[in-house]
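Examination of the molecular architecture
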Amino acid sequence: MGNPIWVGVVQGAAVPGGIEENIATLRRLVAEAADLGARVVVTPELFATGYSPASAWQWDGVEIRGRLAALAREHGVALVGSTIDSPGGAQGDSSARQDQADRPIRHIAASFFDPHGEELVRVNKRHLFGAEEKAFITPGKGYAQPFEWEGWRWGMGICYDVEFPEFARSQAVSGAQVLLVPTAVPELEYRMTGRAGAWGYSATSTSTLQVPARALENGVFIAYSNHCGPGFTGHSCLATPFGRNAALLPGGDSVAVMEVDSAAIECARELNVYLNDL
């Protein structure tokens, strides 16, 4: 089991296509998280380019990952950052591999950079959300296996992945203790006409209900980092394996950091033995 480790999430408003502005925002937020003691910092989905699957592939890729690696080195933290990954070719390059529909393969990816800026792991988003992602992005073929760093077992997924119970369960049964999830949740509020509030939906329930439920069901700690600003729900969170949010960020740029220890995770798994009773 690993020693206690401080894990953080950052939340900010990105500008579509505003690479320099977005990197500057990340630098400020990651510095704040590092100052609070974070050893691992999760950033939102496609933050460097702004979340826009229809256009992010034009700028993102190797260069953006290099910028994110530099942030990890600069602040001496492990950093989870999300980019577009085009296997076999650069963004916009006709040499990039093609899918079965003869479209360029473009994944939404999340990378884990260690404090030296080395990219240790890159995973692809398995579940695509909405028409725009499905038009421009290729889904990953499956969930990635957890990996080990600093004596801990880490799992990574992206946004919509965590809304499927299968994702978190696959990570937990493969040994993950902590899940790191960059996300970009769009605002949505709906209530059925003539019905009380219980007959409605808010996209904030991903942070307030689903993420804590995934943590409880699987005895894992989840760091969930979202965009804020126009069109996004904010509500980045740190969910404990007891099924509660230890941190839930309001709207606006913000940071949350929390110590995670393996004894607490084991305690939660002893109280709720879902993994043993599969």
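This write-up is about the structure you can find in this document. Counting restarts for each chain: residues are numbered from 1 in the order of the written sequence. At least 70 in pLDDT is required for a residue's local features to be given in this predicted model, at least 80 for side-chain atom pairs to be given and counted, and no such filter applies to totals for whole chains, interfaces and linings, which use all residues. Here the side-chain values reflect all heavy atoms present in the structure, with hydrogen atoms and water set aside.

1. What to know about the overall build of the chain
Spelled out, the test is: Starting at the N terminus, helices and strands are each numbered in turn, a helix being any DSSP run of H or I of at least four residues and a strand any DSSP run of E of at least two. Radius of gyration: over C-alpha atoms. The globule rule applied is 2.2 Å multiplied by the number of residues raised to the 0.38 power. Note on classification: 1.4 Å probe, protein chains only; a residue is buried when its accessible area is under 20% of the maximum for its type, exposed when over 50%, partly exposed between these limits. In short, Shrake-Rupley with a 1.4 Å probe defines the accessible areas, and a residue's cover is counted only from the protein chains shown. Charge counting treats Lys and Arg as positive and Asp and Glu as negative, with His and both chain ends excluded. Charge placement uses NZ in Lys and CZ in Arg. For Asp and Glu, CG and CD serve respectively.
Helix and strand counts for the chain come out as seven helices and 14 strands. Relative to its length of 278 residues, the chain is compact, with a C-alpha radius of gyration of 18 Å against a globular reference of 19 Å. Projecting the C-alpha coordinates of the chain onto the three principal axes gives extents of approximately 55 × 55 × 35 Å. When the 278 residues of the chain are sorted by exposure, 54% land in the buried category. Per element, the accessible surface of the chain, about 11800 Å² overall, is 52% carbon and sulfur. Each charge class in the chain can be summarised by its mean position, and for the 21 positive and 31 negative side chains these summaries are 5 Å apart.

2. Comments concerning the sheet that holds strand E3 (residues 78-85)
The condition that has to hold: At least two DSSP bridges between two strands are required for those strands to pair. Axis lines are fitted through C-alpha atoms, for helices just across the contact stretch, and the angle between N-to-C directions can take any value from 0 to 180 degrees.
Read from one edge to the other, the open sheet built from six strands follows the order E5-E4-E3-E2-E1-E14, with strand pairing classed as mixed. Unpaired on one side and paired on the other, strand E5 (119-124) and strand E14 (254-260) mark the two borders of the sheet. Each adjacent strand pair in this sheet contributes to an overall mean axis angle of 25 degrees, direction not counted. Here E3 pairs with strand E4 (residues 107-113) via seven bridges, running antiparallel. Its bridge partner lying in E4, Leu79 is registered against Phe113.

3. Points about the nonpolar core
Stated formally: For our purposes a nonpolar core is just a set of buried Ala, Val, Leu, Ile, Met, Phe, Trp, Tyr and Cys residues, chained together by side-chain atoms within 4.5 Å. Contacts: residue pairs with any heavy atoms within 4.5 Å of one another.
Membership of the largest hydrophobic core comes to 38 residues, with the highest contact counts inside it found for Val7, Val40, Phe112, Trp154 and Leu180. Other than its neighbours up to four places away in sequence, Trp154 contacts Ile5, Val7, Val40, Pro146, Phe147, Glu148, Trp149, Ala176, Val178 and Leu180. By size, the runner-up hydrophobic cluster in this structure holds 21 residues, among which are Ile23, Ile64, Leu68 and Val77.

4. Regarding the packing of helix H1 (residues 19-35) against helix H3 (residues 62-75)
A pair of packed helices is characterised by two quantities: the angle between their axes and the separation of those axes. Just so we agree on the cut-off: To sort the angles, those under 35 degrees are grouped as roughly parallel, those over 145 as roughly antiparallel, those from 65 to 115 as roughly perpendicular, and the leftovers as oblique. Left-handed describes a crossing whose near helix is turned anticlockwise from the far helix through less than a right angle; right-handed describes the clockwise counterpart. The residue classification treats Ala, Val, Leu, Ile, Met, Phe, Trp, Tyr, Cys and Pro as nonpolar and Asp, Glu, Lys and Arg as charged. All others, Gly included, are polar.
One way to put it is that H1 packs onto H3 with a least axis distance of 10 Å and a crossing angle of 25 degrees. Between H1 and H3, the angle is such that the two are roughly parallel. The crossing of H1 and H3 is right-handed. Touching Ile19, Glu20, Ile23, Leu26, Arg27, Val30, Ala31 and Ala34 of H1 are Ile64, Arg67, Leu68, Leu71, Glu74 and His75, all from H3. Of the residues in the contact of H1 with H3, the class split is nine nonpolar, one polar and four charged.

5. Considerations on the side chain of Ser225
So the rule is basically this: We call two N or O atoms a polar contact when they sit within 3.5 Å, provided that within protein one can donate a hydrogen and the other can accept it, with sequence-adjacent residues counted only if both atoms are side-chain atoms.
Among the secondary structure elements, Ser225 is positioned in strand E11 (residues 221-225). Residue Ser225 is classed as buried on the basis of its relative accessible area of 0%. Engagement of the side chain of Ser225 in a polar contact is seen with the backbone oxygen of Val42, the distance being 3.2 Å. Residues contacting Ser225, with those up to four places away along its chain left out, are Val9, Val10, Val42, Thr43, Pro44, Glu45, Val181, Pro182, Thr183 and Ser236.

6. Digging into a nonpolar patch on the surface
To keep things clear, this is the line we draw: Residues enter a patch when their relative accessible area is above 30% and they make no salt bridge; the linking distance is 9 Å between like charges and 5 Å between nonpolar side chains (Val, Leu, Ile, Met, Phe, Trp, Tyr). Salt bridges are defined as contacts in which a side-chain nitrogen from Lys or Arg sits within 4 Å of a carboxyl oxygen from Asp or Glu.
A surface patch of nonpolar side chains, about 540 Å² in accessible area, is lined by Leu188, Tyr190, Met192, Trp199 and Tyr201. For Tyr201, a relative accessible area of 36% gives the class partly exposed.

7. What about the environment of Val62?
Relative to the helices and strands, Val62 is located in helix H3. Since its relative accessible area comes to 66%, Val62 is described here as exposed. On a C-alpha basis, the gap between Val62 and Ile84 in space is 8.7 Å, while along the polypeptide they are 22 residues apart.

8. What to know about the sheet that holds strand E8 (residues 178-182)
The strand order E6-E7-E8-E11-E12-E13 describes an open sheet built from six strands, whose pairing is mixed. This sheet does not close on itself; its edge strands, each paired only once, are strand E6 (147-149) and strand E13 (245-248). The sheet shows a mean angle of 20 degrees between the axes of neighbouring strands, direction not considered. Pairing geometry for strand E7 (residues 152-156) and E8, over three bridges, is parallel. Across the sheet, the residue bridging to Trp154 is Val178, located in E8.

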